[in-house]
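# Observations on the model geometry
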Amino acid sequence: MKIAIVCYPTFGGSGVVATELGIALADRGHEIHFITYKQPVRLELLSNNIHFHEVHVPEYPLFRYQPYELALSSKLVDTIKLYGIELLHVHYAIPHAYAGYMAKKILKEDGIYVPMITTLHGTDITLVGRHPFYQPAVTFSINKSDVVTSVSENLKKSTIELFDVQQDIEVIPNFIDRKKYSPEFTDCQRSLMANDDEKIITHISNFRKVKRIPDVIHIFNNIQKKLPAKLILVGEGPEKEVAERLCEQLGIADKVRFLGNSNEIDRILCFTDLFLLPSETESFGLAALEAMINKVPVISSNSGGIPEVNKQGVSGFLSDVGNVNEMAENALYILSDDAILEEFKLNAYQQAAKFDILNILPLYEAVYEKAYAGRYKNSY
Ligand code: GMT
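Below: a short report on this structure. (Residues numbered from 1 in each chain as written. Predicted model: local features only at pLDDT ≥ 70, side-chain atom pairs only at ≥ 80, totals over all residues. Heavy atoms only, no water.)

Scanning the protein chain from N- to C-terminus turns up 13 helices and 13 strands. Considered along the principal axes of its C-alpha atoms, the protein chain spans approximately 70 × 45 × 35 Å. Within the protein chain, the fraction of its 380 residues that count as buried is 54%. The long-range fraction of contacts in the protein chain, counting pairs at least 24 apart against all pairs at least 6 apart in sequence, stands at 70%. Element-wise, carbon and sulfur atoms account for 50% of the exposed surface of the protein chain, whose accessible area totals about 16800 Å². (Helix = DSSP H or I, 4+ residues; strand = E, 2+ residues; numbered from the N terminus. Buried < 20%, exposed > 50% of the residue type's maximum accessible area, 1.4 Å probe, protein only. Contact = heavy atoms within 4.5 Å. Areas by Shrake-Rupley, 256 points an atom, 1.4 Å probe, with all protein chains shown as cover.)

This is the structure:
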């Protein structure tokens, strides 16, 4: 099929999922067109099957806010016509589903029917989308999508609770491509980050409030009092300075490395012993899944969809949001004994392997076929 994918091109999970999905679909012979304002960070190679179309928003002084949705809708219409695109898959409801709906309406005037699949990722529902400023438009765009998918059962539940949804929501979990990760790979230059006797603990996120960065630091602080360890913080965002100050205050700045945004996540996870994800909420927790497929156990909160990914006492441990003492105790339990750590590492890998793209891709393809078959009858 010829499929247009709209996503955020940044380091966020929704963009990563959209990009990896597009790459995998292209490998299966589909023609994929990414339409967004910048080439997605995980999209390194364009090929015969993978195209990228940049959305430009010309600056005009009359506008206080430049109209990205308008530019995106127009770009969608042009690209769909030019390349004969058969299906539109938008990731993150705001504003992609809204712009996609407008594109569908415009195309219908020319007798072109392109079904739209909207994938909900989390913050588009639980944080941003539920705000009264956006809620009517988000509800409308969800209801006007031909198929709606969500990345976890928990996100489906939240969407039904928070919005007046008239649509069925299909749960298709996030995924990883297991064949990219060899469990035997060990040469990851660990010595660059820590001494031989130190454990390496990692957190990766966009450093927003919802990630509870101070909890990450407090958990690490408790751990390092009992066991030699280093903390690696990967990502950029508003809470980074808070984190830097807190590390200074606690006197642990020399044990914490801030790496900023990175394209070398797998290398970092390769030398990581434990991953921390104490988020306030998380619709899925793709970062945890990426850690687990790299054989890294996860200490996380038990909120949102995280329990669908991280299994208590198997791939790691889950605690109530904010219970940093319990999280640190569980971390120490895993890290203090090499045999226990090895067992958790293996379990983490096996749990993550359940989310292999080979299991998930057919679910998306089935949804595409269903949407395409119903393209004339669906909601306009
Ligand atoms: O975590 C973020 O703040 C970024 C956000 C995004 O849209 O990129 O992540 C959301 O989507 C990811 C991919 O589906 C999920 O793994 C994350 O759990 C989800 N974040 C939240 O729900 C806070």
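For the rest of this paragraph, the subject is the layout of surface pockets. Estimates place the volume of the largest pocket at around 1200 Å³. Mapped by element, the contributors of at least two residues to the lining of the largest pocket are helix H1 (13-27), helix H4 (123-126), helix H6 (153-162) and helix H10 (286-293). Residue contributions to the lining of the largest pocket peak at five residues, all from H1. Across the lining of the largest pocket, the residue classes tally to 16 nonpolar, 21 polar and seven charged. The space that makes up the second largest pocket amounts to roughly 600 Å³. In terms of lining, the second largest pocket is formed by 23 residues, of which the most central are Glu20, Ile23, Arg42, Glu44 and Lys180. Among the secondary structure elements, those contributing two or more residues to the lining of the second largest pocket are H1, helix H9 (265-270) and H10. With seven residues, H1 is the largest single contributor of residues to the lining of the second largest pocket. (1 Å grid on protein atoms, 1.4 Å probe; cavity = no way out; pocket = protein on both sides within 12 Å on 5 of 7 lines; lining within 4 Å. Points joined across faces, edges and corners; volume = space filled by probe spheres on them. Nonpolar A, V, L, I, M, F, W, Y, C, P; charged D, E, K, R; others polar.)

A word on the sheet that holds strand S2 (residues 31-36). To summarise the sheet geometry, strands pair through backbone hydrogen bonds and adopt either a parallel or an antiparallel arrangement. Across the sheet, seven strands lie side by side as S3-S2-S1-S4-S5-S6-S7; this open sheet has parallel pairing. Of all the strands in the sheet, the pair left with one neighbour each is strand S3 (50-54) and strand S7 (169-171). Direction aside, the axes of adjacent strands within the sheet are offset by 25° on average. Pairing of strand S4 (residues 87-91) with strand S5 (residues 116-120) involves four bridges; the strand directions are parallel. Within S5, the position partnered with Val90 by the bridge is Thr118. Each of strand S1 (2-6), S2, S3 and S4 touches H1; the most contacted strand, S2, lies at about 155° to it. Against the sheet, helix H3 (residues 93-109) makes contact with S1, S4 and S5, and its axis sits at roughly 170° relative to S5, the strand it touches most. (Pairing = 2+ DSSP bridges. Axes fitted to C-alpha atoms, helices over the stretch in contact; angles between N-to-C directions.)

As a further point, take the packing of aromatic side chains. By the definition in use, this model includes nine aromatic pairs. On the basis of an interplanar angle of 65° and a centroid distance of 5.6 Å, the ring pair of Tyr60 and Phe63 is categorised as edge-to-face. Taking the relative accessible area as the measure of exposure, Tyr60 reaches 47% and is therefore partly exposed. Plain terms: the ring middles of Phe317 and Tyr333 are 6.0 Å apart, the flat faces sit at 75° to each other, and that makes the pair edge-to-face. (Phe/Tyr/Trp six-rings, centres within 6.5 Å; stacked < 30°, edge-to-face > 60°.)

Inspection of the region around the ligand gives 17 residues, with Ser14, His121, Asn206, Lys211 and Glu282 positioned closest. One nitrogen or oxygen atom from the main chain of Phe284 is found 3.2 Å from an oxygen atom belonging to the ligand. Gly285 is positioned with one of its backbone polar atoms (N or O) 3.0 Å from an oxygen atom of the ligand. Expressed as a share of its isolated accessible area of 490 Å², the protein-covered part of the ligand is 93%. Counting atoms within 2 Å of the grid points, the majority share of the ligand lands in the largest pocket. Residue composition of the shell around the ligand, by class: four nonpolar, 11 polar and two charged. (Near = heavy atom within 4 Å. Polar contact = N/O pair within 3.5 Å; in protein donor to acceptor, adjacent residues only side chain to side chain. Sits in = over half its atoms within 2 Å of the grid points.)

As for its position among the elements, Thr272 is in the loop between H9 and strand S11 (274-277). In this structure the side chain of Thr272 is engaged in a polar contact, spanning 2.7 Å, whose partner is the backbone oxygen of Ile268. Every residue in contact with Thr272, bar those within four places of it in the chain, is listed here: Ile200, Thr202, Val296 and Lys345.

Here the structure, examined in full by the defined rule, presents 18 salt bridges. Close ionic contact of Glu170 with Lys370 constitutes a salt bridge, the shortest N to O distance being 2.6 Å. Here Lys370 lies in helix H13 (residues 357-373) and Glu170 lies in strand S7, a separation of 200 residues in the sequence. What makes Lys370 partly exposed here is its relative accessible area of 47%. In this structure, the salt-bridge partner of Glu264 is Arg267, at a minimum N-O distance of 3.2 Å. (Salt bridge = Lys/Arg side-chain N within 4 Å of Asp/Glu carboxyl O.)

Attention now goes to unusual backbone geometry. For the bond running from Ile94 to Pro95, omega is -15°, close enough to zero to count as cis. Relative to the helices and strands, Pro95 resides in helix H3. Positioned with a positive phi, Tyr92 is a non-glycine residue whose angle comes to about 85°. Structurally, Tyr92 can be placed in the loop between S4 and H3. Take Tyr92: its relative accessible area is 12%, and that puts it in the buried class. Residue Lys295 is not a glycine yet carries a positive backbone phi of 65°. Mapped onto the elements, Lys295 comes out in the loop between H10 and strand S12 (298-301).

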